[in-house]
Amino acid sequence: MPHTLDVGVDIWRLLADAHDVRNGFEYEGSDEVTEDLTAQVIRCATALEKLL
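What counts, and where the lines are drawn
Residues numbered from 1 in each chain as written. Predicted model: local features only at pLDDT ≥ 70, side-chain atom pairs only at ≥ 80, totals over all residues. Heavy atoms only, no water. Helix = DSSP H or I, 4+ residues; strand = E, 2+ residues; numbered from the N terminus. Buried < 20%, exposed > 50% of the residue type's maximum accessible area, 1.4 Å probe, protein only. Lys, Arg positive; Asp, Glu negative; His and termini not counted. Charge placed at Lys NZ, Arg CZ, Asp CG, Glu CD. Core = buried A, V, L, I, M, F, W, Y, C linked by side-chain atoms within 4.5 Å. Contact = heavy atoms within 4.5 Å. Polar contact = N/O pair within 3.5 Å; in protein donor to acceptor, adjacent residues only side chain to side chain. Axes fitted to C-alpha atoms, helices over the stretch in contact; angles between N-to-C directions. Parallel < 35°, antiparallel > 145°, perpendicular 65-115°, else oblique. Left-handed = near helix turned anticlockwise from the far one by under 90°. Nonpolar A, V, L, I, M, F, W, Y, C, P; charged D, E, K, R; others polar.

Below, the discussion takes up the overall build of the chain. Each helix and strand counted, the chain has two helices and zero strands in total. In terms of overall dimensions, the chain has a C-alpha envelope of 35 × 20 × 15 Å along the principal axes. Out of the 52 residues belonging to the chain, those deemed buried represent 21%. When the 4 positive and 11 negative side-chain charges of the chain are each reduced to one mean point, those points stand 7 Å apart.

Written out as structure tokens, the structure reads:
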């Protein structure tokens, strides 16, 4: 996927980590969602939006 929009692996890795946290929240009831993770996901989404 990094080659699809020509962005760094760091963005895809962060989004994959956020997806894992989301799955933990959804399926296991964990509460690992932090303000820092949320801010990082928003920054990644903003960067990806500019590429579309």
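Picking up after the structure, the text goes on.
With that settled, the discussion passes to the nonpolar core. Counting nine residues, the largest nonpolar core consists of V7, I11, W12, L14, A18, V21, L37, C44 and L48. Broken down by secondary-structure element, the contributors of at least two residues to this core are α1 (9-28) and α2 (35-51). In terms of residue count, α1 provides more of this core than any other element does, five residues in total. When near neighbours in sequence (up to four residues on either side) are disregarded, L14 contacts L37, Q40, V41 and C44.

With that settled, the discussion passes to the environment of T38. Within the fold, T38 resides in helix α2. Overall, T38 belongs to the partly exposed group, its relative accessible area being 37%. A polar contact of 2.9 Å, which involves the side chain of T38, links it to the backbone oxygen of T34.

Now for the packing of α1 against α2. Running from N to C, α1 and α2 point in directions that differ by 135°, and their axes come no closer than 10 Å. The angle between the axes of α1 and α2 places the two elements in the oblique class. Judged by the sense of rotation from one axis to the other, the crossing of α1 with α2 is left-handed. Between α1 and α2, the contacting residues are I11, W12, L14, L15, A18 and V21 on the first element and L37, Q40, V41, C44, A47 and L48 on the second. In terms of residue class, the contact of α1 with α2 is built from eleven nonpolar, one polar and no charged.

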